[in-house]
Amino acid sequence: MTPHEISQLAELLKEAKKIACLTGAGMSTESGIPDFRSSTGIYNTLTSEDIFDINRFRRNPDDFYRFNSSFYTTLMDAQPNAGHLALARLESEFGKKVVVSTQNIDGLHQKANSSTVYEVHGTMRTLTCMKCRKHVSSDDYVQQLKEGKTLRCEACGAPYKPDITFFGEALPEEAYMKSLEAFEKADLVMVLGTSLKVYPAAALPSYRSTLAKFIIINRMETDADDDADLVIHDSIGEALTKALERL
Ligand code: OAD
Ligand code: ZN
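Residues numbered from 1 in each chain as written. Chains lettered and ligands numbered in written order. Predicted model: local features only at pLDDT ≥ 70, side-chain atom pairs only at ≥ 80, totals over all residues. Heavy atoms only, no water.

## With respect to the coordination of the zinc ion (ligand 2)
For a metal with four donors in a tetrahedral arrangement, the ideal angle between donors is 109.5 degrees, while six donors in an octahedron ideally sit at 90 or 180 degrees.
So, point 1. Every protein donor of the zinc ion (ligand 2) is listed here as C129 (SG), C132 (SG), C153 (SG) and C156 (SG), and their distances to the metal cover 2.3 to 2.4 Å.
So, point 2. Around the zinc ion (ligand 2) sit four donor atoms, and with donor-metal-donor angles ranging over 95 to 123° the site reads as tetrahedral.
So, point 3. Positions of the donor residues of the zinc ion (ligand 2), expressed as sequence spacing, correspond to C-x2-C-x20-C-x2-C.
So, point 4. Residue C153 is classed as buried on the basis of its relative accessible area, which comes to 4%. (Donors = N, O, S within 2.8 Å, 3.2 Å for Na, K, Ca; no water. Tetrahedral: all angles 85-135°; square planar, octahedral: opposite > 155°, others 65-115°. Buried < 20%, exposed > 50% of the residue type's maximum accessible area, 1.4 Å probe, protein only.)

## Concerning the pairing of strand β1 (residues 18-23)
So, point 1. Counting buried positions over the six residues of β1 gives five, a clear majority of the element.
So, point 2. In terms of strand pairing, β1 meets strand β2 (residues 97-102) through six bridges, oriented parallel. Bridge pairing links L22 to S101 in β2. (Helix = DSSP H or I, 4+ residues; strand = E, 2+ residues; numbered from the N terminus. Pairing = 2+ DSSP bridges.)

## Re helix α1 (residues 3-15)
So, point 1. Taking 1.5 Å per residue as the helical rise, α1 with its 13 residues ought to reach 18 Å, and the 18 Å between its terminal C-alpha atoms agrees with that figure.
So, point 2. Among all positions of α1, only E5, I6, L9, A10, L12 and L13 are buried. End-on view of α1: buried residues confined to an arc of 165°, all on one side of the axis. Looking at α1, the residues exposed on the side facing more than 90 degrees away from the buried face are P3 and H4. (Expected span 1.5 Å × (residues − 1). Arc of directions from axis to C-beta.)

## Considering the sheet that holds strand β6 (residues 160-164)
So, point 1. If you trace the three strands from one edge of the open sheet to the other, you get β5-β4-β6, paired in antiparallel fashion. Two strands lie at the open edges of the sheet, namely β5 (135-137) and β6, each paired on one side alone. For this sheet, the mean inter-axis angle between neighbouring strands, taken without regard to orientation, is 40°.
So, point 2. Sheet analysis places strand β4 (residues 122-129) next to β6, joined by four bridges and oriented antiparallel. Bridge pairing in β6 places T128 opposite K161.
So, point 3. Lying over the sheet, helix α4 (residues 61-77) contacts β4 and β6, oriented at roughly 45° with respect to β6. (Axes fitted to C-alpha atoms, helices over the stretch in contact; angles between N-to-C directions. Contact = heavy atoms within 4.5 Å.)

## Focus: the packing of helix α5 (residues 82-92) against helix α9 (residues 236-244)
So, point 1. One can describe the packing of α5 onto α9 by two numbers: an axis separation of 7 Å at closest approach and a directional angle of 35°. Where α5 crosses over α9, the handedness of that crossing is left-handed. In this structure, α5 uses A82, G83, A86, L87, R89 and L90 to contact α9, whose residues at the interface are I236, G237, L240, T241 and L244.
So, point 2. Taken together, the residues of the contact of α5 with α9 sort by class into seven nonpolar, three polar and one charged. (Left-handed = near helix turned anticlockwise from the far one by under 90°. Nonpolar A, V, L, I, M, F, W, Y, C, P; charged D, E, K, R; others polar.)

By themselves, these are just geometric observations and shouldn't be taken as functional.
Given below as structure tokens:
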């Protein structure tokens, strides 16, 4: 990235009061979690998108739990990176109102102390029984999850499904509605580390007001690049950290 891009980023951040961010898997690659669609991403190397398909899960939950054992271990052990910390610092040090709508299920924005995080693809922290809807905490099943065992409800024997949003399921309503509101009200919208391929989350930035500024920081190009006031095809952690040094 060029010094000019960093000074533009700093300038846009300086002017902003209300910032709405949409983050994706690229936000967490610097924490050692692979993304999905890069050349090194999960869907290019380990498995295809249908691992997160609800109908496949219904037919065969064993595949899902087996595949996700190492992913769970990686997610649970991961720590926030410079990018997550920079977003939290925009609030704590620079007094910005920052809403983070994340497609990620790793909880790293919360670990970094961002105050307002909407998980539009749900969370891995809890699980719900497919049949009797019993609701439990993943913390009580860490060992089984790490071993790749299919988790089944103690009450009725049906599989537990993690409360993440599978393809074929609706998004968590409250998180999505609150995100919409934040994107409508923001004077700066930032897209960070998402290919913008998965709807409806990918549509959130398009709800911004015509007056709002629009920044994309993403290694690869996205279909929204042409609409942005600033596009940086580089590391989120580096870009935000360098820009914050100039605030
Ligand atoms: P993708 O893997 O589709 O996109 C991640 C983007 O982040 C890519 O375009 C990368 O170029 C970029 N990237 C990676 N590391 C970066 C870094 N350090 N700095 C800047 N950019 C970086 O992931 P998502 O868009 O999050 O859904 O995927 C959306 C949804 O698809 C996920 O929430 C998941 C997946 O299937 C479900 O499981 C329902
Ligand atoms: Zn049950």
